Amino acid sequence: MRSPSRGRLLILLTVMLMALVGVVARVSMLQVRQTSAYVELGWEQRVRTVTIAAERGSILDRAGTALAMSLDARDVYADPRYVTQPSDVADRIAEVLGLDRPAERDLRGDLRADGSFVYVARRVDREVADELAEARLPGIGFLPASARYYPAAGVASQLLGFTNVDGLGIAGLEKQYESLLAGTPGERTSELSPLGQVIAGGLDVVEEPVPGNDLVLTIDREIQFQAQQYLRRAVRDNDASGGTIIVMDPRTGDIYAMASYPWFDPNRFGDFDAATYRNRSVSDMWEPGSVNKVITAAAAIETGAVGLSDVFTVPDEREVGGFTIHDSHPHPTMAMTLADIIAKSSNIGSSLVADRVGDEQMAASFAAFGFGRPTGVGFPGEQSGIMPPLANWTDATRATLSFGSGVAVTPLQMASVYATVANGGTWVQPRLVLGTRGRDGMVRLADPSMTQEVVSPRTAEALTQMLAYAVEDGTGGSAQIPGYQVAGKTGTAKKLEDGEYVRRYVASFIGFLPASAPRVVVAAILDEPATIYGGVAAAPLFQDVARYTIQRLGIESAPSVPLPRDALLLP
Amino acid sequence: MSTPARKLTPAAPRHAPTHLPTPAPTPRDRARPVRAPAARPTTTSPPSPRRRARRGFHPAFWIFSAFVVTGMVVGIVSLSALLVQTGFGIDRTEARIAELADERELLGKEVATMSSPGRIASWARARGFVMPEDVVVLQVPGRPEVDG
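Parameters at a glance
Residues numbered from 1 in each chain as written. Chains lettered and ligands numbered in written order. Predicted model: local features only at pLDDT ≥ 70, side-chain atom pairs only at ≥ 80, totals over all residues. Helix = DSSP H or I, 4+ residues; strand = E, 2+ residues; numbered from the N terminus. Rg over C-alpha atoms; globule rule 2.2 N^0.38 Å. Buried ≥ 20, exposed ≤ 12 C-beta atoms within 10 Å, placed from the backbone. Domains from an automatic or database assignment. Contact = placed C-beta atoms within 7 Å. Nonpolar A, V, L, I, M, F, W, Y, C, P; charged D, E, K, R; others polar. Pairing = 2+ DSSP bridges. Core = buried A, V, L, I, M, F, W, Y, C linked by C-beta atoms within 7 Å. Axes fitted to C-alpha atoms, helices over the stretch in contact; angles between N-to-C directions. Parallel < 35°, antiparallel > 145°, perpendicular 65-115°, else oblique. Left-handed = near helix turned anticlockwise from the far one by under 90°. pLDDT = per-residue confidence, 0-100. Expected span 1.5 Å × (residues − 1).

Trainee: Even after reading the chapter, I still don't get the overall build of chain A, so can you show me in this structure?
Mentor: Scanning chain A from terminus to terminus reveals 19 helices and 23 strands. At 35 Å, chain A has a C-alpha radius of gyration far larger than the 25 Å of a compact globule built from 571 residues. Each of the three principal axes of chain A carries a C-alpha extent, and together these read 150 × 50 × 45 Å. Per-residue burial over chain A gives 46% buried out of 571 residues.

Trainee: When you look at the overall build of chain B in this model, what are you seeing that I'm missing?
Mentor: Looking only at helices and strands, one finds four helices and zero strands in chain B. Taken from the N to the C terminus, the helices and strands of chain B come in the order α-α-α-α. The 148 residues of chain B split such that 1% are buried.

Trainee: Where do I start with the domain arrangement of chain A in this structure?
Mentor: Residues and elements named next belong to chain A. Structurally, chain A comprises domain 1 (50-102 + 111-125 + 132-217) and domain 2 (221-569). One C-alpha centre belongs to domain 1, the other to domain 2; they are set 44 Å apart. If you look at the interface, domain 1 gives 29 residues, while domain 2 gives 28 residues. Looking at the side of domain 1 that touches domain 2, the elements with two or more residues in it are α6 (157-160), α7 (172-176) and β10 (214-217). Along the lines of polarity and charge, the residues of the side of domain 1 that touches domain 2 split into 18 nonpolar, seven polar and four charged.

Trainee: Quick question: what am I supposed to make of the pairing of β10(A) here?
Mentor: In regular strands, side chains alternate between the two faces of the sheet. Residue and element names in this part refer to chain A. Burial along β10 is two-sided: the face carrying D214 and V216 and the face carrying L215 and L217 are both buried. Looking at chain direction, strand β2 (residues 59-60) and β10 are connected through two bridges and run parallel. Directly across from I59, in β10, lies its bridge partner L215. Where β10 lies against strand β18 (residues 433-437), four bridges are found, and the strand directions are antiparallel. By the bridge assignment for β18, D214 is matched with R437.

Trainee: Can you walk me through the nonpolar core in this structure?
Mentor: Inside soluble globular proteins, nonpolar side chains tend to come together where they are buried. All names here are of chain A. Within the largest apolar cluster, 153 residues are counted, with the highest numbers of intra-cluster contacts made by V247, M466 and V545. Top contributing element to this core by residue count: helix α17 (residues 457-473), with nine residues. If sequence neighbours within four positions are ignored, V247 has contacts with I223, A227, Y256, A257, V520, V522, V545 and T549.

Trainee: Even after reading the chapter, I still don't get the sheet that holds strand β8 (residues 186-191) of chain A, so can you show me in this structure?
Mentor: To summarise the sheet geometry, strands pair through backbone hydrogen bonds and adopt either a parallel or an antiparallel arrangement. All names here are of chain A. Pairing within the open sheet is antiparallel, and its three strands lie in the order β1-β8-β9. Two strands in the sheet have a free side with no partner beyond their single neighbour: β1 (47-52) and β9 (204-207). For this sheet, the mean angle separating the axes of adjacent strands, direction not counted, is 10°. Where β8 meets β9, four bridges bridge the pair, whose relative direction is antiparallel. Its bridge partner being in β9, T189 is matched across the sheet by V205.

Trainee: Mind showing me how you'd approach the sheet that holds strand β23 (residues 520-527) of chain A here?
Mentor: Residue and element names in this part refer to chain A. The antiparallel open sheet is built from five strands, whose spatial order is β12-β11-β23-β22-β21. The two strands at the open ends of the sheet, each matched to only one other strand, are β12 (255-261) and β21 (487-497). Across the sheet, the mean angle from the axis of one strand to that of its neighbour is 10°, orientation sign disregarded. Pairing between strand β11 (residues 242-248) and β23: seven bridges, direction antiparallel. Counted as the bridge partner of T244 is I525 from β23.

Trainee: Teacher, can you tell me more about the packing of helix α3 (residues 86-97) of chain A against helix α4 (residues 101-112) of chain A here?
Mentor: How two helices sit against one another is set out by the angle between their axes and by the gap between those axes. Residue and element names in this part refer to chain A. Interhelical geometry of α3 versus α4 gives an angle of 140° and a closest axis separation of 9 Å. With respect to each other, α3 and α4 are oriented oblique. Relative to α4, the crossing made by α3 is right-handed. Here P86, S87, V89, A90, I93 and A94 of α3 come into contact with α4, specifically with E104, L107, R108, L111 and R112.

Trainee: Please clarify how the interface of chain A and chain B should be interpreted in this entry.
Mentor: It is common to give the size of an interface as the accessible area lost on bringing the parts into contact. With 20 residues of chain A at the contact, the number on the chain B side is 14 residues. Elements that contribute at least two residues to the side of chain A that touches chain B include exactly β3 (66-78), α9 (221-237) and α19 (539-553) of chain A. Residue contributions to the side of chain A that touches chain B peak at four residues, all from β3(A). Per-class residue counts for the side of chain A that touches chain B are 12 nonpolar, four polar and four charged.

Trainee: Can you help me understand the environment of L308(A) in this one?
Mentor: Residues and elements named next belong to chain A. Locating L308 in the fold gives a position in the loop between α11 (293-303) and β13 (312-314). Here the alpha-carbon distance between L308 and Y501, two residues 193 residues apart in the chain, equals 34 Å. Among all residues touching L308, those that are not within four sequence positions of it are T337, L338, A462 and P564.

Trainee: What is the right way to look at the confidence of the model for chain B in this model?
Mentor: The predicted coordinates ought not to be read in detail in places where the model reports low pLDDT. Residue and element names in this part refer to chain B. Confidence in the prediction for chain B averages 73 pLDDT; 52% of positions are at 70 or higher. Confidence scores differ between elements of chain B, with helix α1 (residues 27-31) showing the lowest mean pLDDT of 47 and helix α3 (residues 59-114) the highest of 93. Throughout residues 7-25 the model reports pLDDT below 50, and contacts reaching past four residues in sequence, or to other chains, amount to six contacts. Below pLDDT 50 for its whole length, residues 27-31 participates in one contact with residues either more than four positions away or in separate chains. Taken together, the chains of this predicted complex give a pTM of 0.80 and an interface ipTM of 0.73.

Trainee: Mind showing me how you'd approach the environment of S456(A) here?
Mentor: Residue and element names in this part refer to chain A. Structurally, S456 can be placed in the loop between β20 (451-453) and α17. Exposure remark for S456: the 15 C-beta atoms within 10 Å place this residue in the partly exposed category. C-alpha separation for the pair S456 and Q361, spaced 95 residues apart in sequence, amounts to 15 Å. Residue contacts for S456: discarding those within four places in its chain leaves E302 and G425.

Trainee: Just to check I follow, could you spell out helix α16 (residues 411-422) of chain A for this structure?
Mentor: An α-helix turns once every 3.6 residues. As a result, residues three or four positions apart point the same way. All names here are of chain A. With 12 residues, α16 ought to run about 16 Å at 1.5 Å a step, and its terminal C-alpha atoms sit 17 Å apart, in line with that. Here α16 lies mainly inside the structure; 12 of its 12 residues are buried. Here α16 has its buried residues at P411, L412, Q413, M414, A415, S416, V417, Y418, A419, T420, V421 and A422. Once α16 ends, the next one or two residues include G424, with phi positive near 75°.

Listed below in structure tokens is the structure:
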């Protein structure tokens, strides 16, 4: 055998050396210059961070009863690459989950699709998920999840709102207090093998999630439920299109109940019309009508523009600023005191009173009672109402505003006006949240509501007497409750559509009891009832709700306030 | 392979008799340690095993050491077993806690559902209960006593 020539050996050696130098250079490049990039790449390949959802806090009523709670659930997913027999798997899943035919057909399609992940069902009850897991279906997996459950179904549903499929509050108090209820999610960072298994002894850091706090409401579940039952019955009995009820404590601003009909079940909110989600007590406005006369009377008494025994000559219609206004019923010209005007709900009388008070004082009174600004109750989408600016007022504006036309308010704003009178002239900000409850079970009460004196206690006392008179001898007779003196006012207002008044009405009654020591304010409002008058349609609803509240809260009777003297009896 | 036996010969005295005056040491001699003159074997026989044992640790030391080592081994094994057992116990307790938490959640749900006024009202209606049509609050005549 001939030995290779020296030259060829040298060439081979040179080539090998060059290759070696190349390898060394490349290795140096990788190990020295691009170290951090490759370290990061390797880290990303084998380290996974999974978010651990925090348990969402519950929403409780004032007695600590759960109105909304979170339950352990599972998200069911499929990896279609491993689903060997999609039809059989889909049949079994549909059987366990109770899917209908179209949903089952969709599922079959999903299981045949390309890709490695598809949700089969979300927020499935744990028991159902366990049953599905026992079937050991290939390619089907489960992820921990949390489902929101509202045990009382439609009770206070518009207040509570609901969460979306990701557990995020998207309506009502669930949305308003999202950060408080949601808590802080945790994380688990693990080092995984190529097969996705945790490497024993590798990196495995768990940052525990911090559960959300519970929200304690001022709502009383029993009053809320009964108020809703009475409201539904009143809407049906009066052939109305809807209605609103508010029950609140005038001393603290605590709202015991707040509902609008129709409502919905937040457990399956998708089955209901989105219009039912609205909490109309704060999100809808209406022209209050005669219930507004209490503000005119308050301005008259507070400013001293009208004395309690001053007598007005009141016809049944009147020309103001080129417009004709009239009372709800024709009547001969009558002599009326301020109390009579309130009790008989005279629009003309109210406009005459407003003339004496004047524009500035009237506007100041409306503003002091909170018109044109939200109450700050802490509910998403609360409306401010619509109040015409003083600069645009005419004589007709002043006249119509005096009996609640030409102004728009929310039911809560109007209830708050009566709560102010009931509370001796001091406005207390309405509130829905009593406090929070931490994981330690301790309830931390919220600060007391803001207060502001709107009218003097003497004015409030005079107004209370007038309102009691309106119930005993005026339009609010249907609101009387034997054994308790009720103070309140009826309202009947035409609806405004596209800038035109139409022959559809909103009937209302707002009042409080016992008149001399008020414990509760109830606002009852019916939308488009067959019988349009507040004293006929809404006052009985007030009576039902107030009577139940008396029993529920154990409200004791109190001495009656003296009634103002009828103008006809004046010397 | 064998080697011929070595013939023992008396060793020549390395030092002069002690009664003789010692000459002044040379610098080289001064560096050497002075050895004890007597009680040194004159032959180069290997040390007997008995003498070696006498020079090692006392048997009590070995017994003590054995006890200590055995104790440590037993202790470590026992501790390890205890740790493992405790680990199992913790696992069992954690599983039980999770189980009870699940049960509590389900019971909470059941209580909330069962106490729902809507459910109770439906239940009552189905059994013929009716809401009172007209509730009358009775008033006791006379002036109520007021404290304070």
